[in-house]
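The chain contents come next:
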Amino acid sequence: MSKLYIIGGNKLNGEITIPSAKNTLLPILASCILVDGEVKINNFTNYRDCIIMTNILSSLGAKIKYEGSAVIIDCRNINEWTITTELAKELRSSFFTLGAVLGRIGLAKVAYPGGCNIGARPVNIHLKALRDLGVSIIERHGYIYCNADGIKANTIHLDFPSVGATENIMMASCVINGTTIISNCAKEPEIEDLQNFLNSCGANISGAGTDTITIVGVGHLLHSTEYTCISDRIIAGTYAIATACTGGSVKLKDANSQHLIALTNVLKNAGVNIVENKKSLHISADKRLVSVPHISTMPYPCFPTDLQSQILVMQAISNGNSVISENIFESRFKVVPELKKMGAVILVKNNVAYISGVECLYGAEVYATDLRAGASLVIAGLVANGYTTVNNVEYIDRGYLKIEEDLSKLGADIKRID
Ligand code: EPZ
């Protein structure tokens, strides 16, 4: 298991280009299953999760090849419709292939993706929506057996604006006949990117980014396309918070400030200077930050749960007391015991963290428990007195491509020990 060794105290300065978004690449890779031809994604980023997703596509019969920063996917020979327990355990979001497999083959056998360290991660909303589309579903022996013979367009209301469920229904309904409407759908930028990708392949989808999406099914598979994905707002947000915590000055190139309004509002209230341009975000802080009284994670466009662990570190070293409410996942404060080892003063009760800001943290040996918790421990190491070892870096590699190289470029004293 790799570790990151960090000597704290350096300010982050300079500029960094934000890569394509993991959470847009994953559903777009899955939706290639619906395309009767080659798909070229120009700005593929080989995050560990995205490599696993390409391996899953290969296991179903797809051909994958790489050309520089592009990946080319050809699903014309897809002949398999099973996502095994092993694959589902390796990548929860393999479940996002369900809608596309049903759209292409009409049958699917998918293992339950199971929970992870941030929550139970049930799939009931996905299954209810697919049943509303007329898909017959039998759940047995840890697998979900689906038959789409009776699939038909319908109006679907999601009990919760689930990102994955919205994406599964968009994929399953865009190649059948009839118009499907999803109300109370997720509004994340990644949903809009999936809509734009599918439309570039000949689908007819509108409304992404609002709470109602309309899919006019085309009744056949989609055609080849070449596509460039949006940048990763969570990586941009992570580096913005790291810059603010270290009191540095960093330009985040290709960051879309429109996707980060909830975060930049919090940062401005904390005393961070922000300059927003069309294709970049400049972050700088020159004094100790002030605690933001209450941050509450909610579906987009509110404060994202995927930046909660990172902003927790900023609050932990800011001047004042504050509260963070986690309203999306039931156990996303697992990083708190690790931060307390470093001197943070945080109490968690009923999914709410009560934070008393301290002047400084102290280096320690800490353990990442999930992807974003790992990123927050790196930020804590950057600002701590002394050195910090972050273990279980494989979690971080799922959604950051060599985080230590990015941060070293910005002046951090950080290295990977394999
Ligand atoms: C996506 O997960 C993201 N992953 C997550 O990012 C992100 O945290 C999450 O959306 C929320 O924004 C990808 O896009 C690959 P949800 P997803 O369905 O689709 C409950 C990261 O760090 N729920 O919107 O799985 C669920 O338990 C990852 O990059 C049900 O109860 O999230 C959670 O409490 C972590 N039943 C809430 O809804 C369901 O059928 C939001 O889940 C589905 C979800």
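See the structure printed just above.
The following paragraphs examine the structure supplied in this document.

Observations concerning the sheet that holds strand 11 (residues 177-183)
Whenever strands of a sheet pair, they do so through backbone hydrogen bonds, lying parallel or antiparallel.
Then, in step 1: The 4 strands are arranged 10-11-13-12 in an open sheet whose pairing can be described as mixed. In this open sheet, the two strands that pair with only one neighbour each are strand 10 (155-157) and strand 12 (205-206).
Then, in step 2: Pairing between strand 10 and strand 11: 3 bridges, direction parallel. By the bridge assignment for strand 11, histidine 157 is matched with serine 183.

So, the site of the ligand
Then, in step 1: Taken together, the neighbourhood of the ligand is formed by 24 residues, with Asn124, Ile125, Ser162, Asp306 and Ile328 sitting nearest.
Then, in step 2: Contact distances for the ligand include 3.0 Å between an oxygen atom and a side-chain N or O atom of lysine 22.
Then, in step 3: Taking aspartate 306, its side chain carries an N or O atom lying 2.6 Å from an oxygen atom of the ligand.
Then, in step 4: Those elements that place two or more of their residues in the shell around the ligand are helix 1 (22-31), helix 5 (124-132), helix 6 (163-173) and helix 12 (371-383).
Then, in step 5: Per-class residue counts for the shell around the ligand are 11 nonpolar, 7 polar and 6 charged.
Then, in step 6: Counting contributing residues, the shell around the ligand receives three or more from each of domain 1 (3-18 + 231-417) and domain 2 (22-226).

Remarks on the pattern of salt bridges
Then, in step 1: Across all of its chains, the model carries 19 salt bridges by this definition.
Then, in step 2: For lysine 253, the salt bridge goes to glutamate 15, with nearest N and O atoms at 3.2 Å. Residue lysine 253 is found in strand 15 (residues 249-253), and its partner glutamate 15 is found in strand 2 (residues 13-17); the two are separated by 238 residues along the sequence.
Then, in step 3: Judged by relative accessible area, lysine 253 falls into the partly exposed class, the value being 32%.
Then, in step 4: Of the charged contacts in the structure, one is a salt bridge between lysine 65 and glutamate 38, with a shortest N-O distance of 3.4 Å. Of this pair, lysine 65 sits in strand 4 (residues 63-67) while glutamate 38 is found in strand 3 (residues 38-41), placing the two residues 27 residues apart along the sequence.

With respect to the packing of aromatic side chains
Then, in step 1: If you walk through the whole model with that rule in mind, you get 4 aromatic pairs.
Then, in step 2: Taken together, a centroid distance of 5.2 Å and an interplanar angle of 25° make the contact between tyrosine 5 and tyrosine 387 stacked. Here tyrosine 5, found in strand 1 (residues 3-7), pairs with tyrosine 387, found in strand 23 (residues 387-391); they are 382 residues apart in sequence, far enough to count as distant.
Then, in step 3: Looking at tyrosine 5, the relative accessible area reads 23%, which means it is partly exposed.
Then, in step 4: Residues tyrosine 143 and tyrosine 145 carry aromatic rings whose centres are separated by 6.4 Å and whose planes lie at 50° to one another, so their mutual orientation is tilted.
Then, in step 5: Owing to a relative accessible area of 14%, tyrosine 143 belongs among the buried residues under this scheme.
Then, in step 6: Lying over the aromatic face of tyrosine 143, lysine 109 brings its terminal NZ or CZ to 4.7 Å of the ring centre.

The rules behind each value
- Residues numbered from 1 in each chain as written.
- Predicted model: local features only at pLDDT ≥ 70, side-chain atom pairs only at ≥ 80, totals over all residues.
- Heavy atoms only, no water.
- Pairing = 2+ DSSP bridges.
- Helix = DSSP H or I, 4+ residues; strand = E, 2+ residues; numbered from the N terminus.
- Near = heavy atom within 4 Å.
- Polar contact = N/O pair within 3.5 Å; in protein donor to acceptor, adjacent residues only side chain to side chain.
- Nonpolar A, V, L, I, M, F, W, Y, C, P; charged D, E, K, R; others polar.
- Domains from an automatic or database assignment.
- Salt bridge = Lys/Arg side-chain N within 4 Å of Asp/Glu carboxyl O.
- Buried < 20%, exposed > 50% of the residue type's maximum accessible area, 1.4 Å probe, protein only.
- Phe/Tyr/Trp six-rings, centres within 6.5 Å; stacked < 30°, edge-to-face > 60°.
- Lys NZ or Arg CZ within 6 Å of the ring centre and 35° of its normal.

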